[in-house]
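# Residue-level structure breakdown
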Amino acid sequence: MLTLDRSKTSTPDYSLLNDSIKETFTSLDRFEWQAVGELLQMRDSELYLEAGYTSFKEYCQAELLAWGGLRRINQLLGAKKVIDTVGELGSHIKNERQARPLLRLVKEPEKLREAVAIAVQENPSPSASDFATAAQKVVPRQPRPRTKAPSQEPLVPKNNIVKITSPSHPRCGDEGTIEAPPPNPTQQIVTFADGEKLLVNNDDLTIERKYPPEYAEAITQLEQQYQQKLERLEQELRIGLLSEAKAQATEQVQEELTSWQKLYQQQKEQNIQIQQRLDEMEALRKLGDENEQLRQRNQELENAVQQRPAQEWGNTLTKQAAKALNKEVVRSLENTIDLRSLAEEPPLENAQECLRLMGIALGNLATAMNNTQALQAAALILGSEPTPQAIAYRAEQLQLLPQAVSDIRAVLAKPACTWQDYLTVATEYEVIKADYTAELTPQEIELITALEKSTLPKTIEVGSIVAHADEYSALYVARGEVIEDLGDEVWVAWEHWKDRPKKTDRYFKDELRLL
């Protein structure tokens, strides 16, 4: 840097003086960027707190007011942000004045770099005006609309009364007026009653606006209109909410009525089914009573025959006993099954049903005729002891078989059938479980097995989806699949390990939980 010696009268050389001037301005720019770095350090590290300042803004206004205060600091920090955003092109921006027209593009980095590139292309050493022209080309600024001057006096008077409220200000508590426009956005020129004028920060004062009587009346009228409008809106909102609540209540009642109607219809259908079942059971009970009467009558006849002397009967029945016996046999066969009709028109279902009907017929015939061979044949077919009581009990059981198969198939046909539903019906026919099981199809047997398995507690096996049982383990929220079962231990393949070299691991079953 050139130092001028005023004692000499000779004029310095132009080139030397010019270089010195340029070097001086370059040094100023360099020191300015150095100050920006120090300001960032002061702000980011919050070193101003050591001096008792509560914010960076307060520090700037107190310590750096002679150099422009917070306004100048914000300009320098904005220029630093522009340079950091453009990257390598930032070397062409020499000072804050050149970065100022580019600050509005800092939120659009691509357009900001484009503007700097255009300025450098047109002028290798661009000035502030070159950057402003380039920014205007990339993102043109819209001209501000001109506002017409008001034709009448504004409602707010120009002279505003203010009061100093900051305790740190020397004139705290004094009132004054603002008679001139503010010199900057953060300060006001206040004229006090003693004629003193001071530049006061906005944070240190409170503005008290006093309006003429006509303005106060207008403000009061506007407040009343606003209050009336607010009350009207509240009333309309209340009415709307009541209407909406009434509509929702009506809809809810309608839904409940529909639900009750469906429930009533279902209950009605169940009552009809129960009544049909009761009628069937009553018919079976009457048939059982009739069979019991027939057995008692046959027993009486047998006792009567045995009590007669052998010579009186002559190893044969008298015509009267034969007639009575034949009459009882005919009545018995009419109430059960006729073997001749069975031979002429066999059952259509299956051979098992045919054998069952034949066994019942033979049992009734053996009971009526006291035929031992027919009794043994009936016992063999029906799978019971060769006694009249056992065959009669077995026949009563088998008479329930068609109804049992029908009821069980009806339960299995329900879409939401459960093991409890099936068990409720099957318990009634537990004594003939083997018989009705033989009548069911393989698909129905598989469905019963599946329903029974669904009630068993689930165990960890191959194909199970698991997670770790320890809630403090990182694998507690993971998802894995069991790929091999080793008894007490299993191998698990974790989904989030599929991109790692190690994809599986070995665990005890009690360390895992089913998902």
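Residues numbered from 1 in each chain as written. Predicted model: local features only at pLDDT ≥ 70, side-chain atom pairs only at ≥ 80, totals over all residues. Heavy atoms only, no water.

### Looking at the overall build of the protein chain
Stated formally: Note on conventions: DSSP H or I runs of at least 4 residues are helices, E runs of at least 2 residues are strands, and numbering of each starts at the N terminus. When a residue's accessible area, from a 1.4 Å probe over protein chains only, is under 20% of the maximum for its type it is buried; when over 50% it is exposed; and in between it is partly exposed. Contacts are assigned to residue pairs that have any heavy atoms within 4.5 Å of one another. For the accessible areas, the method is Shrake-Rupley and the probe is 1.4 Å, while residue cover comes only from the protein chains on display.
In terms of helices and strands, the protein chain carries 17 helices and ten strands. Sorting the 515 residues of the protein chain into buried and exposed places 26% on the buried side. At a minimum sequence separation of 6, the contacts of the protein chain that also span at least 24 residues come to 45%. A total accessible area of about 36900 Å² is found for the protein chain, and carbon and sulfur atoms account for 53% of it.

### Observations regarding the layout of surface pockets
Counted only if it meets this: Definitions used for this entry: grid spacing 1 Å over protein atoms alone; cavity, a set of points where a 1.4 Å probe fits but cannot get out; pocket, an open set with protein on both sides within 12 Å along at least 5 of 7 lines; lining residue, one with an atom within 4 Å of a point. Grid points are joined across faces, edges and corners, and a volume is the space filled by probe spheres set on the points. In this classification, the charged set is Asp, Glu, Lys and Arg, the nonpolar set is Ala, Val, Leu, Ile, Met, Phe, Trp, Tyr, Cys and Pro, and all remaining amino acids, among them Gly, are polar.
Each pocket or cavity is described by its volume, and for the largest pocket that value is around 740 Å³. Sorting the residues of the lining of the largest pocket by element identifies α7 (213–307), α14 (401–412) and α15 (419–426) as the ones contributing at least two each. Ranked by residues supplied to the lining of the largest pocket, first place goes to α7 with eight residues. Of the residues in the lining of the largest pocket, the class split is five nonpolar, six polar and seven charged.

### What about the environment of valine 120?
With respect to the helices and strands, the residue valine 120 is situated in helix α5 (residues 109–122). It is 8.8 Å that separates the C-alpha atoms of valine 120 and leucine 89, two residues lying 31 residues apart in sequence. The contact partners of valine 120, leaving out residues within four places of it in the chain, are His92 and Pro126.

### A word on the pairing of strand β3 (residues 187–192)
How we decide: DSSP-based pairing: two strands are paired if at least 2 bridges between them are found.
Within β3, five of the six residues are buried, leaving the element largely enclosed by the surrounding structure. As paired elements, β3 and strand β4 (residues 197–201) share five bridges and run antiparallel to each other. When the sheet's bridge partners are listed, isoleucine 189 is paired in β4 with leucine 199. Where β3 hands over to β4, the hairpin turn is made up of four residues, of which glycine 195 adopts a positive phi near 90°.

### A short note on the packing of aromatic side chains
Aromatic rings in a pair are described by how distant their centres are and how their planes are angled relative to each other. Stated precisely, the cut-off is as follows: Pairing of aromatic rings covers Phe, Tyr and the six-membered ring of Trp, with a centre-to-centre limit of 6.5 Å; geometry is then stacked below 30 degrees between planes, edge-to-face above 60, and tilted otherwise.
Overall, the coordinates contain six aromatic pairs when judged by the stated rule. Between tryptophan 419 and tyrosine 422, the ring centres sit 5.4 Å apart and the planes meet at 40°, which makes this aromatic pair tilted. Note that tryptophan 419 and tyrosine 422 are positioned in helix α15 at a spacing of three residues, about one turn of the helix. Classification of tryptophan 419 as buried rests on a relative accessible area of 18%. Where tryptophan 494 meets tryptophan 497, the ring centres are 6.3 Å apart and the plane angle is 65°; that geometry is what we call edge-to-face.

### Describing the confidence of the model for the protein chain
Defined as follows: Confidence per residue, as judged by the predictor, is encoded in pLDDT with a range of 0 to 100.
Looking at the protein chain as a whole, the pLDDT averages 77, with 79% of positions reaching at least 70. Ranking the elements of the protein chain by mean pLDDT puts helix α8 (residues 310–313) last with 45 and strand β8 (residues 489–494) first with 91. Low pLDDT, under 50, characterises residues 310–322; the predicted model gives this stretch nine contacts beyond four residues in sequence or across chains. In the model, residues 332–338 has pLDDT below 50 throughout and makes eleven contacts with residues more than four positions away in sequence or in other chains.

### Overview of the nonpolar core
Here is the rule we go by: Working definition of a nonpolar core: buried Ala, Val, Leu, Ile, Met, Phe, Trp, Tyr and Cys residues. They are joined through side-chain atoms within 4.5 Å.
Among the nonpolar cores identified, the biggest contains 19 residues, and Ile93, Leu102 and Leu112 are the most heavily contacted of them. Residue assignment for this core shows that the elements contributing at least two residues are α3 (69–86), α5 and α6 (128–138). Broken down by element, the residue count for this core peaks at five residues, all from α5. Counting 17 residues, the second-largest nonpolar core is a separate cluster that includes Leu401, Leu412, Tyr422 and Tyr429.

### Let's talk about helix α17 (residues 442–454)
Selection criterion: Multiply 1.5 Å by the residue count of a helix minus one, and that product is the helix's expected span. This arc is taken over the directions from the axis of the helix to the C-beta atoms.
Relative to the 18 Å expected for 13 residues at 1.5 Å per residue, α17 spans 18 Å between its end C-alpha atoms, a close match to the ideal helical length. Among the residues of α17, Glu444, Ile448 and Leu451 are the ones counted as buried. The arc that holds every buried residue of α17, seen down its axis, measures 60°, which confines them to one face. Away from the buried face of α17 by more than 90 degrees, exposed residues Pro442, Gln443, Glu446 and Lys453 are located. Structurally, α17 contributes buried residues whose contacts are with α14 and α15.

### Notes on the sheet that holds strand β9 (residues 504–508)
We apply this condition: Only the stretch in contact is used when fitting a helix axis, every axis being a line fitted to C-alpha atoms; angles between N-to-C directions are given from 0 to 180 degrees.
Sheet architecture is open: five strands sit in the order β9-β8-β7-β6-β10, paired in antiparallel fashion. At either margin of the open sheet sits one strand with a lone partner, and together these are β9 and β10 (512–514). Each strand axis lies, on average, 45° off the axis of its neighbour in the sheet, ignoring direction. By the bridge criterion, five bridges tie strand β7 (residues 480–485) to β8 in an arrangement that is antiparallel. Note on β8: the bridge partner recorded for aspartate 485 is valine 490.

### A few points about the side chain of arginine 171
Which entries qualify depends on this criterion: Polar contact is defined as a pair of N or O atoms within 3.5 Å, subject to the rule that within protein one atom must be able to donate a hydrogen and the other to accept it, and that residues adjacent in sequence are counted only when both atoms are side-chain atoms.
Mapped onto the elements of the fold, arginine 171 is located in the loop between β1 (160–164) and β2 (175–178). In this structure arginine 171 comes out as buried when scored by relative accessible area, which is 16%. Within the structure, the side chain of arginine 171 is placed 3.0 Å from the side chain of aspartate 174, a separation counted as a polar contact. Sequence-distant contacts of arginine 171, defined by excluding residues within four places in its chain, comprise Ile164, Phe192, Asp194, Glu196 and Leu198.

### So, the side chain of aspartate 407
Within the fold, aspartate 407 resides in helix α14. Residue class for aspartate 407 comes out buried when judged on its relative accessible area of 14%. Once residues lying within four places of it in the same chain are set aside, the contact partners of aspartate 407 are Arg277, Val425 and Tyr429.

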